[in-house]
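An overview of the molecular structure
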Amino acid sequence: MASILDQYEEEYNRGAVRRPNQVGELIGPGFIDARLDADVPIFNKKKVNFKPQDPITHLVVANNFLVMAQSSNILLRLDLEHPDQPDEVELPRSVEDRIHKIFLDPTGRHLIISMNSQDNYYLSRQLKKPKPIVKLKGHLIECVGWNWQNANDNTTSAILLGTSRGLIFESELSSFEDRSFFQGNVEQYLKQLFTLQGKVTGLEFDRMPSGDMTVYKYYILATTPGRLYQFIGQVSQSAEPPMFLSLFQQYENGTEHPQFIELPGDFGYSELQLFFTKFRQPACKFAWMAGPGIYYGDINVSGSSPSSVLANTKLMSYGKNEETKTTKPLSMILTEFHVLVLYPDCVKAISNLNEELVYDDPYPDRVGRLVGICKDVLRGTIWTFSANTVFKYKITKEDRDVWQMYLEKKEFELAKEYCKDNPMHMDKVLTKQADYLFANGKYTESAALFALTQNSFEEIALKLIKLLKKDALKMFLEKKISALRPQDKAQMTMLVTWMIELFLNQLGELKEQGQDASAEFDNMQEEFRKFMNSNIKVKECVSINRSVVYDLIASHGDIENLVFFAVLMKDFERVIGHYIQHDNYKDALNILTKQSDMELFYKFSPLLMQYVPKETVEAWIKQGKQLDPKRLIPALVQYDHQKLKDQGSEAIKYLEFCIQKLEHKDQAIHNFLLSLYAKLQPQDLMRYLQQQGEDPETICYDVKYALRLCAEFNLKKACVHIYSLMGLYEEAVDMALCVDVELAKQQADKPDEDDKDMRKKLWLRIARHVVEEEKDIKRAMEFLHECDRLKIEDILPFFPDFVTIDHFKDAIITSLQEYNSHIDSLKQEMDEATQSAEEIRKEIQSFRNKYAFVKAEDKCSACGYPLMSRAFYLFPCGHKFHMDCLISEVLPSLQSSKKSQVEALQRKLAEGDSGPSHKTMSSSTGLKDMDVKTKLDELVASECILCGDFMIRCVDKLFIEEEEWSSVAAEWE
């Protein structure tokens, strides 16, 4: 349990932190700083519960591994993860020898001990006993430059050693486990590289980016009590140890001169520290504690300065009061934003951003004089110690007030970087930056930042309205719009309407000044349209309030933007109507083609077809199947034949596209195209009719309407074609005779070949026309060869009474010869028929006397039972069937009418069998039964079912019927 003094000291340390903005202070509009006094300070010190046996002389910590040197030359090693397992190591020494310094590498694996007797030892974490560094005997080590890239637990890799005589050595130390059996020295090599004036108080080196993949580039910082040296050079990746020899040789040979900074008034010692954001990443800051103050800055390895890696350097004094000026600091530690300076009786933290003292931690006298301070680079903890006490500092949120320091320096971007997670601080930074930009005349940038703050909207808006140019106000409103939530409907409407008004005012002013053709006007127009079109929230707002926006734009008389807005709102009907009203039909058609509402095509096409028919039809064709051609017929009929002859051809072009490409079958489309052909392009009418074919079921136009139309325009060939389609061959031939006899002959051949009388009648019409109208007897005689149905006697009545026989003498002779041949063929047929009848009579007589033997063991060919058991049929082929078996086989294949006859005959036979006995049966009844049996035989026993046509008809019958399949399948299973 901590003592009362310790508790008091802890509370006192809380008050030692100097921070701005006390509790409850109003720091910005909409935010209140509600932090409590009990906030954890940045540097929180705690006393380590440890009492050393002997006074502590040195202490180092790395990677949570602590090494403590006591005045008795005993090293206490402690793994802070297991503080209950300390490890003591005793150093070999003479009576008066004492430890000069100890150095622990960043991984906590390698320790170097320098003795006042100029003996030096190496102790790895695995070793229990220190090993002497033989080659360094006689040198007092003042500093060690550890290799930050080393990842080997058993070797230090290449390191630099600085001595009290200004010598810089390179060496590599390793434990014996990695050495050969006969080599006992811990140092693999040791090489002196350079000599400085005065003792070397600090050494640090790190790798730099290199454009050459075969070499490494390094920078080395070395300090003496009054100077800070820089060495920069390249090291080959394949170089043999010592690796830095070539780098220092360029300075030894005089080809390069080391860069150094000298500060006056040194007090005999100094200290060099680097800060790494993360372990094994490049160092980003440095600090050098020297006589006049702490020289600090950034490490810049980008290569902007080839001879120096130090940038943004400053000299920080130790303090302003007399006490601080006279007291020399003992040591220091560099953190990301502070430098902790150790004095004999206190620790002070100074911000390296504004050089202000932010923490002052005095130690009570009972602690004793402070001896040293060190930092665990990997864990970030800081340790101080006196001869008998050890303290640990934990750094908590070191960057908490960094934003405010950057803000005071007007480095706004850095300030914002360190307050991203705190909206209160971010608002203050943005407000300050906006005010700064506004004061420097950068109004647009200022407005953009004002929009991100919580400042009063009205206050900022009034401030920007006073400006002559409204660009800043537009920027402010635009940013505010983008920040609004979807539910802020009223605010959105107000701001968007205001923005539109500002744009329209600016465009109107430029038009009044005659600058509507200038680049400034075009840029303003583009900016306005981008505002209206790019933001989804703006588009939604103006869509809801489109009537207000229409009125606003119309009040400015801005027709161009009115059209743009209508297009943006997809109010294409309004846009097209506007263009048509101003006789701008091509632009109207252009808008019409860009939209997807087909109803607008039907609405505006009649008017557009009158003025831009070609372009309109091209637009229709592009739409393809999306348009219904039937609804475009009103637009197609809206034209003047005399005024716009080409329009008719455009209508035909579209209808042909519908029929040929879209394959429309609608009768109205085909009828209208037919009418246009008849009126405008009669030469194409027959081509269309022939394409439609001669099948009435596939023809798409109305045949009767087409006939009336063709008759009206005296298109006789078309009439002939249509008459032929309608089957009116007589009318077709009569009409064809008015055009061409050959056409009439084609029509005469169209009736079916079976309808010979019609064909003969048509050919007689043609022959009569040729004889009576054309007086061409010779041509008429040729018809006798073309139509085999015509005879000379058919066309003789058409000849004049006094015509000479010479013209048709041959035809008469030929006709008489054909009659004689026909009579001879008839006689021959009669003789053949008589002979066939005689043979049939003989065959019938022979069948009456034909017989066959039936044995008692013969069986039915259908059921396999004895044949003599009941009535049966015997066929000439030898197959035998019971009567009922034959009927059951034949009955399923008979037609329904014959089935009913067979069933009726079976019933009659059954009635006769169940009636009176045969003896009492009358002769008439017996005759009737014979007739029934005869009819039944004709129906079922006309042929053998196995040898006759019946078997051929049953060739596609299934062996197993579908209704029997399930039962048969079950039996098979």
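Higher on the page you've got the structure.
Residues numbered from 1 in each chain as written. Predicted model: local features only at pLDDT ≥ 70, side-chain atom pairs only at ≥ 80, totals over all residues. Heavy atoms only, no water.

1. Here we look at the packing of aromatic side chains
Selection rule: Under the pairing criterion, centres of Phe, Tyr and Trp rings, with the six-membered ring standing for Trp, must be within 6.5 Å; the plane angle then separates stacked pairs below 30 degrees from edge-to-face pairs above 60, leaving the rest tilted. A helix here means a DSSP run of H or I that spans at least four residues, while a strand means a run of E at least two residues long, and both kinds are numbered starting from the N terminus. Here's how the labels work: a residue is buried when its accessible area is under 20% of the maximum for its type, exposed when over 50%, partly exposed in between, all with a 1.4 Å probe on protein chains only. For a Lys NZ or an Arg CZ to count as sitting over a ring, it must be within 6 Å of the ring centre and within 35 degrees of the ring normal.
Within this structure, the stated rule accounts for 31 aromatic pairs. On the numbers, 6.4 Å between centres and 80° between planes, the contact of Tyr 216 with Tyr 218 is edge-to-face. With centroids separated by 5.5 Å and ring planes inclined at 50°, the aromatic side chains of Phe 412 and Tyr 436 adopt a geometry described as tilted. With Phe 412 in helix α5 (residues 412–417) and Tyr 436 in helix α6 (residues 423–439), this residue pair connects regions lying 24 residues apart in the sequence. Look at Phe 412 and you get buried, because its relative accessible area is 8%. The class for Tyr 436 is partly exposed, based on a relative accessible area of 36%. Three or more aromatic residues joined by ring pairs make a cluster, and in this case those are Phe 194, Tyr 229, Phe 231, Phe 248, Tyr 251 and Phe 260. Seen from the ring of Phe 438, Lys 463 lies directly overhead, with NZ or CZ sitting 4.5 Å from the centre.

2. A few points about the environment of Gly 727
If you trace the backbone, Gly 727 turns up in the loop between α24 (716–726) and α25 (729–737). When the C-alpha atoms of Gly 727 and Lys 750 are compared, they prove to be 9.1 Å apart, with 23 residues separating the residues in sequence.

3. Observations concerning the pairing of strand β7 (residues 110–115)
Along a regular strand, successive side chains alternate from one face of the sheet to the other. Keep this limit in mind: Strand pairing requires that DSSP identify at least two bridges connecting the strands.
Most of β7 sits inside the fold, with six of its six residues counted as buried. Burial along β7 is two-sided: the residues His 110, Ile 112 and Ser 114 and Leu 111, Ile 113 and Met 115 are all buried. Relative to β7, strand β6 (residues 99–104) runs antiparallel, the two being bridged by five bridges. Counterpart to Phe 103 in the pairing with β7 is Ile 112. As defined by bridge partners, β7 adjoins strand β8 (residues 120–124) across five bridges and the pair is classed as antiparallel.

4. Points about the packing of helix α10 (residues 489–512) against helix α13 (residues 546–555)
Two numbers describe a pair of packed helices, the interaxial angle and the distance between the axes. Our working definition: Lines fitted to the C-alpha atoms define the axes, with helices restricted to the stretch that makes contact. Angles between their N-to-C directions range from 0 to 180 degrees. Between 65 and 115 degrees an angle is taken as roughly perpendicular, under 35 as roughly parallel, over 145 as roughly antiparallel, and anywhere else as oblique. It is the rotation of the near helix from the far one that decides the hand of a crossing: anticlockwise by less than a right angle makes it left-handed, clockwise makes it right-handed. Residue contacts follow a heavy-atom distance rule, with two residues in contact if any of their heavy atoms lie within 4.5 Å. Residues are grouped as follows: Ala, Val, Leu, Ile, Met, Phe, Trp, Tyr, Cys and Pro are nonpolar; Asp, Glu, Lys and Arg are charged; all remaining types, including Gly, are polar.
With their axes 10 Å apart at the nearest point, α10 and α13 run at an angle of 20° to one another. One finds that α10 runs roughly parallel with respect to α13. The two elements α10 and α13 meet at a crossing, and its hand is right-handed. Residue-level inspection shows Thr 497, Ile 500, Glu 501 and Leu 504 of α10 in contact with α13, the latter providing Val 549, Leu 552 and Ile 553. Of the residues that constitute the contact of α10 with α13, the class distribution is five nonpolar, one polar and one charged.

5. Overview of the pattern of salt bridges
Note the threshold: Take a side-chain nitrogen of Lys or Arg and a carboxyl oxygen of Asp or Glu: if they are within 4 Å of each other, that pair is a salt bridge.
Applying the stated criterion to the full structure yields 27 salt bridges. Here Lys 101 makes a salt bridge to Glu 142, at a shortest N to O gap of 3.2 Å. Of the two residues, Lys 101 is situated in strand β6 and Glu 142 in strand β10 (residues 141–145); the sequence distance between them amounts to 41 residues. The partly exposed category is assigned to Lys 101, whose relative accessible area is 28%. Glu 142 sits in the buried class, given a relative accessible area of 6%. The residue Arg 841 makes a salt bridge to Glu 838 at a minimum N-O spacing of 3.0 Å. Separated by three residues within a single helix, Arg 841 and Glu 838 lie in helix α30 (residues 809–848), roughly one turn from each other. Look at Arg 841 and you get exposed, because its relative accessible area is 52%.

6. Some details on the packing of helix α11 (residues 519–534) against helix α14 (residues 559–568)
Following both chains from N to C, one finds α11 and α14 inclined at 25°, their axes separated by 11 Å at the closest point. Considering their axes alone, α11 and α14 lie roughly parallel with respect to each other. α14 is crossed by α11, and the crossing has right-handed handedness. Residue-level contacts link Gln 525, Phe 528, Arg 529, Met 532 and Asn 533 of α11 to Glu 560, Asn 561, Phe 564, Phe 565 and Leu 568 of α14. Considering only residue class, the contact of α11 with α14 consists of five nonpolar, three polar and two charged.

7. What about helix α22 (residues 685–692)?
Keep this limit in mind: By definition, the arc is the one covered by directions from the helix axis to the C-beta atoms.
Listed in full, the buried residues belonging to α22 are Leu 685, Tyr 688, Leu 689 and Gln 692. Projected down its long axis, α22 shows its buried positions confined to an angular sector of 100°, all on one face.

8. Section: the pairing of β8
Among the five residues in β8, five count as buried, and that is most of the element. In textbook terms, the turn of a hairpin is the stretch between consecutive antiparallel strands, and for β7 and β8 this stretch comprises four residues, one of which, Gln 118, has a positive phi near 65°. As paired elements, β8 and strand β9 (residues 131–132) share two bridges and run antiparallel to each other. What sits directly across from Tyr 121, in β9, is Pro 132.

9. Regarding the sheet that holds strand β13 (residues 187–195)
Sheet architecture is open: four strands sit in the order β10-β11-β12-β13, paired in antiparallel fashion. With one partner strand each, in any of the chains shown, β10 and β13 form the two edges of the open sheet. Between one strand axis and the next, the sheet turns by 25° as a mean value, whatever way the strands run. The pairing of strand β11 (residues 159–163) with strand β12 (residues 167–173) spans four bridges and is antiparallel. Bridging from a neighbouring strand, Gly 162 pairs with Ile 168 of β12. Sheet strands touched by helix α2 (residues 245–252): β12 and β13. Its angle to β13, the strand with the most contacts, is close to 20°.

10. Focus on unusual backbone geometry
The step from Pro 241 to Pro 242 runs through a cis peptide bond, and the omega angle for that step is 0°. As for its position among the elements, Pro 242 is in the loop between β16 (227–236) and α2. The phi angle at Asn 73 is positive, at roughly 60°, despite the residue not being glycine. Looking at where Asn 73 falls in the secondary structure, it is placed in the loop between β3 (65–70) and β4 (74–79). The exposure class assigned to Asn 73 is buried, which follows from its relative accessible area of 1%.

Remember that the coordinates give geometry; whether it matters functionally is a separate question.
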